[in-house]
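# Inside the fold
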Amino acid sequence: MIFMDPTSDLGFKKLFANIAHKEILISFLNSVLGRAEGDKIIDTVLNDPSNLPDSIKAKTSIVDVRCTDQKNHQYIIEMQVDSQMHYAARAQYYSSIVLSRQLAKKERYEDLVPVIFVGVLDFTLFSGNSHYLSHHFILDKETYAHELKHLEFHFIELTKFNKEVDEYSAIVDKWIYFLKHAASLQKIPATLKDPEIKEAFDILEQGNWSKAELEAYDRHLDDIRSYHGQMDYAYDKGKIKGKIEVAQRLLQLNTLDNSAIAEITELTVEQIEELKNKQNSNKTD
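Note on numbering: residues in each chain are counted from 1, in written sequence order. Owing to the predicted nature of the model, reporting of local features is limited to residues with pLDDT of at least 70; listing and counting of side-chain atom pairs is limited to 80 or more, with chain, interface and lining totals taken over all residues. Only hydrogens and water are set aside when side-chain values are computed; all heavy atoms of the structure are taken into account.

A few words on the overall build of the protein. The secondary structure listing takes helices from DSSP runs of H or I that are at least 4 residues long and strands from runs of E that are at least 2 residues long, numbered from the N terminus. For the protein, the count of helices and strands is 8 helices and 6 strands. Overall, the protein shows an N-to-C arrangement of helices and strands of α-α-β-β-β-α-β-β-β-α-α-α-α-α. Taken over the C-alpha trace, the protein has a radius of gyration of 25 Å; the compact-globule value for 285 residues is 19 Å, which it surpasses by more than 25%. Expressed along its principal axes, the backbone C-alpha trace of the protein runs to roughly 80 × 50 × 40 Å. We compute the radius of gyration from the C-alpha atoms alone; for a globule the expected value is 2.2 Å times N to the 0.38, where N is the number of residues.

Below you can see the structure in the form of structure tokens.
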């Protein structure tokens with residue numbers, strides 16, 4: 001069996017923005033949020049699954065799913081693949097916008113309902129700890145009382161999750177293992193036979209996708225590869241430019257021979273000689 005990548009925009013959308021399989025979303029949210037019996041989400045309504053992109057060019061590797069539970073709490077579930085320096089600030093800003101837009105003209109503050117942000121990240125966001133699942137609330141500094149309840153944030157950092165498939169039993173760890181490893185598996189591990197996770201594997205199995213969906217998935221992967229190719233090219237070009245600038249400064253100092261400058265900058269002796277000839281030519285012009 002070949003499984004699509006659940007961290008891709010299309011795979012994530014297929015799993016969590018699919019009204020026909022909302023049990024998957026419910027199980028995922030209950031496990032990540034640690035909802036105990038009596039407080040579990042038992043139903044969700046997808047608010048706007050149609051606004052999700054099919055191309056990395058449309059919204060760089062971010063896909064978000066918004067839903068509402070029976071208590072009318074709003075949830076934002078995002079998958080972010082590429083590292084983003086200010087992602088935590090973005091999550092707070094975006095959630096605040098969703099909160100602020102709840103009230104119509106004649107509605108009051110008591111009509112506001114909590115906005116709960118869940119970010120699944122394929123990069124390290126918080127370097128100060130090793131926890132792959134973190135929960136963030138607004139608490140009183142002295143008493144830790146949770147009085148400001150309208151915004152909360154939960155982050156899954158896949159890069160920090162290093163458990164093997166036989167090292168866990170909690171459903172949340174099973175979901176995180178699934179998100180991180182499903183695309184590299186050829187069969188469903190025996191420990192991942194929970195009904196919702198088994199259903200998630202079935203959804204991602206390539207044989208269950210239509211021709212149009214497979215073509216869209218291939219285009220999406222091509223977009224990602226092209227994007228990263230462009231970034232790599234830009235990085236390499238900038239790196240070479242930096243080496244040239246260092247070599248030019250060293251040549252101006254006139255304290256090292258060409259071989260030494262080549263060793264320091266990792267350029268060739270021929271490149272150093274060419275730079276030196278250009279500098280001498282500019283001096284005579």
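Anyway, onward from the coordinates.
Type-normalised accessible area, obtained with a 1.4 Å probe on protein chains alone, sets the label of each residue: buried when under 20%, exposed when over 50%, and partly exposed for intermediate values. Looking at helix 7 (residues 258-265), one finds that the buried residues are Asn258, Ile261, Ala262 and Thr265. One side of helix 7 holds all its buried residues, which, seen down the axis, span an arc of 100°. Of the exposed residues in helix 7, those oriented more than 90 degrees away from the buried face are Glu263 and Ile264. Just downstream of helix 7 lies Glu266, where phi reads positive at about 65°. The directions considered for the arc run from the helix axis to the C-beta atoms.

The subject of this paragraph is the pairing of strand 6 (residues 148-157). In terms of burial, strand 6 is largely enclosed, as 7 of its 10 residues are buried. Any two strands are treated as partners once DSSP identifies two or more bridges connecting them. Bridge count for strand 4 (residues 115-121) against strand 6 is 7 bridges, and the pairing is parallel. Looking across to strand 6, one finds that Ile116 is bridged to Glu152. Note: strand 5 (residues 133-138) against strand 6, 5 bridges, orientation antiparallel. From the neighbouring strand, Ile138 faces strand 6, where its bridge partner is Leu148.

The next thing to look at is the pattern of salt bridges. Here, a salt bridge means any Lys or Arg side-chain nitrogen found within 4 Å of an Asp or Glu carboxyl oxygen. Overall, the coordinates contain 10 salt bridges when judged by the stated rule. Lys22 serves as the salt-bridge partner of Asp43, at 2.7 Å between the closest nitrogen and oxygen. Of this pair, Asp43 sits in the loop between helix 2 (22-33) and strand 1 (44-46) while Lys22 sits in helix 2, placing them 21 residues apart in sequence. For Asp43, a relative accessible area of 23% gives the class partly exposed. Looking at Lys22, the relative accessible area reads 25%, which means it is partly exposed. Here Glu266 and Lys243 are joined by a salt bridge, their closest N and O atoms 3.2 Å apart. Separated by 23 residues along the polypeptide, Glu266 in the loop between helix 7 and helix 8 (269-284) and Lys243 in helix 6 (residues 211-253) bring together distant segments of the chain.

What follows concerns the confidence of the model for the protein. Interpretation of this model should avoid reading the predicted coordinates in detail wherever pLDDT is low. Confidence scores per residue from the predictor, reported as pLDDT, run from 0 to 100. Overall, the predicted model of the protein reaches an average pLDDT of 85, with 91% of residues at or above 70. Note on residues 49-60: pLDDT under 50 across the span, and 31 contacts to partners over four residues away in sequence or across chains. For this analysis, residues touch if any pair of their heavy atoms sits within 4.5 Å.

Turning our eyes to something else, we now look at the packing of aromatic side chains. Two aromatic rings from Phe, Tyr or Trp, using only the six-membered ring of Trp, form a pair when their centres are within 6.5 Å; if the ring planes differ by under 30 degrees the pair is stacked, by over 60 it is edge-to-face, and anything between is tilted. For the coordinates displayed, the defined rule picks out 14 aromatic pairs. Residues Phe117 and Phe153 carry aromatic rings whose centres are separated by 6.2 Å and whose planes lie at 45° to one another, so their mutual orientation is tilted. You can see Phe117 sitting in strand 4 and its partner Phe153 sitting in strand 6, a full 36 residues away along the chain. In this structure Phe117 comes out as buried when scored by relative accessible area, which is 0%. According to the relative accessible area criterion, Phe153 is buried, its value standing at 9%. Site record: aromatic cluster; members linked through ring pairs are Phe3, Phe12, Phe16, Phe28, Trp175, Phe178 and Phe201. The ring of Trp209 carries Lys14 above its face, with NZ or CZ at 5.3 Å from the centroid. To sit over a ring, a charge needs its Lys NZ or Arg CZ within 6 Å of the ring centre and within 35 degrees of the ring normal.

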